[in-house]
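What the coordinates show
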Number of protein chains: 2
Amino acid sequence: MLSKNQLKYIQSLHQKKYRQQHGAFLVEGAKSVQEVLQSDFQTELVVATEGFYKENAHLTDHQRTPVEIASVAELERAGTLESNNAALAVVRTKENRPLLAGPNEIALILDDIRDPGNLGTILRIADWYGVRKILCSETTADVYNPKVISASKGSFTRVNWWYGDITRVLAQATSAVYGAFLDGEDVHSLGFDASGYLVMGNESNGIRPEVGTFVTQRVTIPRYGDAESLNVGIATAVLLDNWRRTIN
Amino acid sequence: MLSKNQLKYIQSLHQKKYRQQHGAFLVEGAKSVQEVLQSDFQTELVVATEGFYKENAHLTDHQRTPVEIASVAELERAGTLESNNAALAVVRTKENRPLLAGPNEIALILDDIRDPGNLGTILRIADWYGVRKILCSETTADVYNPKVISASKGSFTRVNWWYGDITRVLAQATSAVYGAFLDGEDVHSLGFDASGYLVMGNESNGIRPEVGTFVTQRVTIPRYGDAESLNVGIATAVLLDNWRRTIN
């Protein structure tokens, strides 16, 4: 059973302010908790139903992670998920280390992606397409938001991110910088370089002009019908799919 | 101002049972209402703020659509959106007419897509890639669900759908039937036919075996990283992108 203070602490991590203050975030649901326990993240505490604990004791024992047994009702009160009959974990955030695309590597740059669901989906897509580095503008949604972690379906454990001034990184980039625009080159016929950056812009306004000036190749997904746009997660997947296709 | 009966009627359309009983559904938000007023759907009633009405009177006048002026609070009470400062429309559902892929046409078949957000996203993707016909298993989410209509961002006005026994349609198909599986042919090297069907399966279980037997070509999106799967909306977009690329 959770103490009053534990409950209060866990609930505080619903908010960015307290995640930053405590250097911790929440991972919820069976699969995500299993994945985080097998990752290089450091877990402070697991709150689990008796059933989940029994089945996964090897994972928590291995790292000597403290476990509190709780009822489903307690779990749901502590966390953000509407239903959670398994577990949640309180996990240490990582240091904000700078990232650059290496040789033969694709890195993503997110310029002001605001929706946590979109950011979580993008982590999952990055993980599918073997993209390990995501550079985020400071205005991009907080990756430690429980909605992002949930939507990433465990992929947050396999992708690295950095938040900061992306224009300063781009100013130093030595490889190609592709950017998603509505008036770029058709990605069906474009030959991508083996390494570089793909910049994705805000859901409503696209890439900011001050970021766009660093883009060396504007790219576009050809449209065959009448929808005005594609969701930014969808567009990221289609662009990475075309990139991988041309270099493999 | 809305009468009590109007409010009750509109609220009843949040539920599938009453949408079917009344043959009507809800369209919410400025852009979606504007699009539906310019489409071939028949609108029974528009509930609008004074501001929205003044700016869009040419659209409602054109079809002589009855309009009720309402406050933002009334609009939000009547509809399903958390915030709506523009309008909602009560629109007649269409007849459930059978659909088949014509020559040089791609049609989508959805086998048990349960999540309304995914279905709405798929409508938008279909609209982007010029797919005009979607055949849905009876267990697929209701396209008239307000969440589907919202997520489609107006694309529901440009795509046609049919609900029924998709195995009976597939048994009569004379063109290629592609199906998304994890063990199919790599879509980066596959040459697609100019016309045919693309079958997408359930979020957790994929395509049912009884549907899979009609698939003439299993297709797969190559994976370069470690995510277990892609969301069904994402996968639909990547597959349609590869299909369009090879035939255009």
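The numbers attached to residues start from 1 for each chain and follow its sequence in the written order. A letter from A marks each chain and a number from 1 marks each ligand, given out in the order of writing. Residue-level local features of this predicted model are given only where pLDDT is at least 70; pairs of side-chain atoms are given and counted only at 80 or more, and the full residue set underlies all totals for whole chains, interfaces and linings. With hydrogens and water stripped out, all remaining heavy atoms of the structure feed into the side-chain values.

As for the interface of chain A and chain B
Taken together, the contacts link 32 residues of chain A with 32 residues of chain B. Joining two parts hides part of their accessible area as seen by a 1.4 Å probe, and the buried area is that hidden amount summed over both. Surface buried jointly by chain A and chain B totals about 2900 Å² across both partners, of which 64% is contributed by carbon and sulfur atoms. Considering only the side of chain A, the residues that lose the most area to chain B are R124, W128 and Y224 of chain A, jointly responsible for 27% of the buried surface there. In the sections that follow, a salt bridge refers to a side-chain nitrogen of Lys or Arg positioned within 4 Å of a carboxyl oxygen of Asp or Glu. Inspection of the region where chain A meets chain B yields four salt bridges. For this analysis, residues touch if any pair of their heavy atoms sits within 4.5 Å.

With respect to the UniProt feature "domain: tRNA/rRNA methyltransferase SpoU type" (unreviewed entry) in chain A
UniProt positions are given in the numbering used here, feature names are shortened, and annotations may be inferred rather than shown by experiment. Look at the UniProt record and you will see "domain: tRNA/rRNA methyltransferase SpoU type" (unreviewed entry) annotated at residues 106-240 of chain A. The helix count covers DSSP runs of H or I at least four residues long, the strand count covers runs of E at least two residues long, and both are numbered beginning at the N terminus. Between the C-alpha atoms that bound residues 106-240 of chain A there is a distance of 9 Å. The span itself is 28% helix and 27% strand.

Brief notes about helix 1 (residues 4-12) of chain A
A turn of α-helix holds 3.6 residues, and therefore any two residues three or four places apart point the same way. Every buried residue of helix 1 of chain A is accounted for by Q6, L7, I10 and S12 of chain A. Contact partners of the buried residues in helix 1 of chain A: helix 2 (16-22), strand 1 (24-28), strand 2 (43-48), strand 3 (67-69), helix 5 (72-78) and strand 4 (87-92) of chain A. Think of it in three bands: with a 1.4 Å probe and only protein chains considered, a residue is buried below 20% of the maximum accessible area for its type, exposed above 50%, and partly exposed in between.

Points about the relation of the copies chain A and chain B
Here the copies are superposed with least squares, the fitted atoms being C-alpha atoms of residues at a pLDDT of at least 70 in both. Superposing chain A onto chain B takes a rotation of 180° combined with a translation of 0.0 Å along the rotation axis, leaving an RMSD of 0.0 Å. Read as a symmetry element, the transformation amounts to a two-fold axis. Most of the interface of chain A is mirrored in chain B, where 100% of its interface residues again form contacts.

A closer look at the packing of aromatic side chains
Stacked, edge-to-face and tilted labels apply to pairs of Phe, Tyr and Trp rings (six-membered ring for Trp) whose centres lie within 6.5 Å, assigned for plane angles under 30 degrees, over 60, and everything in between, in that order. A full pass over the atoms with the stated rule returns 20 aromatic pairs over all chains. Note on F25 of chain B and F41 of chain B: the rings are 5.7 Å apart at their centroids and 70° apart in plane angle, and the pair reads as edge-to-face. Separated by 16 residues along the polypeptide, F25 of chain B in strand 1 (residues 24-28) and F41 of chain B in the loop between helix 3 (30-37) and strand 2 (43-48) bring together distant segments of the chain. A relative accessible area of 0% means that F25 of chain B is categorised as buried. Measuring from ring centre to ring centre gives 5.7 Å for Y144 of chain B and W161 of chain B, while their planes differ by 80°; the resulting arrangement is edge-to-face. In this pair, Y144 of chain B is assigned in the loop between strand 6 (133-137) and helix 7 (146-151) and W161 of chain B in strand 7 (residues 160-164), connecting sequence segments 17 residues apart. We classify Y144 of chain B as buried; its relative accessible area is 10%. Among the residues examined, W161 of chain B registers a relative accessible area of 11% and is labelled buried. Chaining the aromatic ring pairs together yields one cluster made of F25, F41, Y144, F156 and W161 of chain A. The criterion is that NZ of a Lys, or CZ of an Arg, lies within 6 Å of the ring centre and within 35 degrees of the ring normal, and then a charge sits over that ring. A cation over a ring is seen here: K94 of chain A above F41 of chain A, with NZ or CZ 4.1 Å from the ring centre. The cationic tip of R218 of chain B hangs over the ring face of F181 of chain B; the distance from NZ or CZ to the ring centre is 3.7 Å.

Overview of helix 3 of chain B
Every buried residue belonging to helix 3 of chain B is among S32, V33, E35, V36 and L37 of chain B, and all of these are buried. Elements that come into contact with the buried residues of helix 3 of chain B comprise strand 1, strand 2, helix 4 (50-62) and strand 4 (87-92) of chain B.

Some points on the sheet that holds strand 2 of chain B
Two orientations exist for strands paired in a sheet by backbone hydrogen bonds: parallel and antiparallel. Residues and elements named next belong to chain B. The sheet built from four strands is open, its strands ordered 1-4-2-3 with mixed pairing. A single partner strand is all that each edge strand has here, and the edge strands are strand 1 and strand 3 (67-69). Adjacent strand axes in the sheet meet at a mean angle of 15° when their direction is disregarded. Any two strands are treated as partners once DSSP identifies two or more bridges connecting them. To get an axis, a line is fitted to the C-alpha atoms, and for a helix only the part in contact is used. The angle between two axes follows their N-to-C directions and goes from 0 to 180 degrees.

What about the pattern of salt bridges?
According to the stated counting rule, one finds 30 salt bridges over all chains in the structure shown. A salt bridge links R132 of chain A to D127 of chain A, with the nearest nitrogen and oxygen atoms 2.9 Å apart. R132 of chain A gets classed as partly exposed once you look at its relative accessible area, which sits at 23%. A relative accessible area of 0% means that D127 of chain A is categorised as buried. Among the ionic pairs, R114 of chain B bridges to D112 of chain B, the shortest N-O distance being 2.3 Å. Beyond isolated ion pairs, a larger network of salt bridges with shared partners links K31, E35, D127, R132 and R158 of chain A together with D226 and E228 of chain B.

Observations concerning the sheet that holds strand 5 (residues 106-111) of chain A
Residue and element names in this part refer to chain A. Spatially, 7-6-5-9-8-10 is the arrangement adopted by the six strands of the open sheet, whose pairing is parallel. Strands at the two margins of the open sheet, each flanked by one partner only, are strand 7 (160-164) and strand 10 (217-220). Within this sheet the neighbouring strands show an average axis-to-axis angle of 30°, counted without direction. Note that strand 8 (residues 176-186) and strand 9 (residues 196-201) share four bridges and pair parallel. When the bridges of strand 9 are listed, Y178 appears paired with L198. Where helix 10 (residues 232-247) meets the sheet, it contacts strand 5, strand 8, strand 9 and strand 10, and its direction lies at approximately 160° from that of strand 9.

What about the domain arrangement of chain A?
All names here are of chain A. Start and end points for every domain follow an automatic or database-based domain assignment. Entries for chain A in the domain assignment read domain 1 (4-92) and domain 2 (106-247). The C-alpha-based centres of domain 1 and domain 2 are spaced at 30 Å. The partner domain 2 presents 12 residues to the 15 residues of domain 1 that form the contact. Where domain 1 abuts domain 2, roughly 1100 Å² becomes buried across the two surfaces, and 60% of that area is made up of carbon and sulfur atoms. Inspection of the domain 1/domain 2 interface yields two salt bridges. Of the charged contacts in the structure, one is a salt bridge between R158 and E35, with a shortest N-O distance of 2.6 Å. N or O atoms closer than or at 3.5 Å make up a polar contact, with two conditions inside protein: a donor-capable atom paired with an acceptor-capable one, and, for residues adjacent in sequence, both atoms drawn from side chains. Our count for the contact surface shared by domain 1 and domain 2 stands at four residue pairs in polar contact (both at pLDDT 80 or more). Put simply, the parts of the chain that give the side of domain 1 that touches domain 2 at least two residues each are helix 2, strand 1 and helix 3 (30-37). In terms of residue class, the side of domain 1 that touches domain 2 is built from six nonpolar, four polar and five charged. Residues were grouped as follows: Ala, Val, Leu, Ile, Met, Phe, Trp, Tyr, Cys and Pro as nonpolar; Asp, Glu, Lys and Arg as charged; and all remaining residues, including Gly, as polar.

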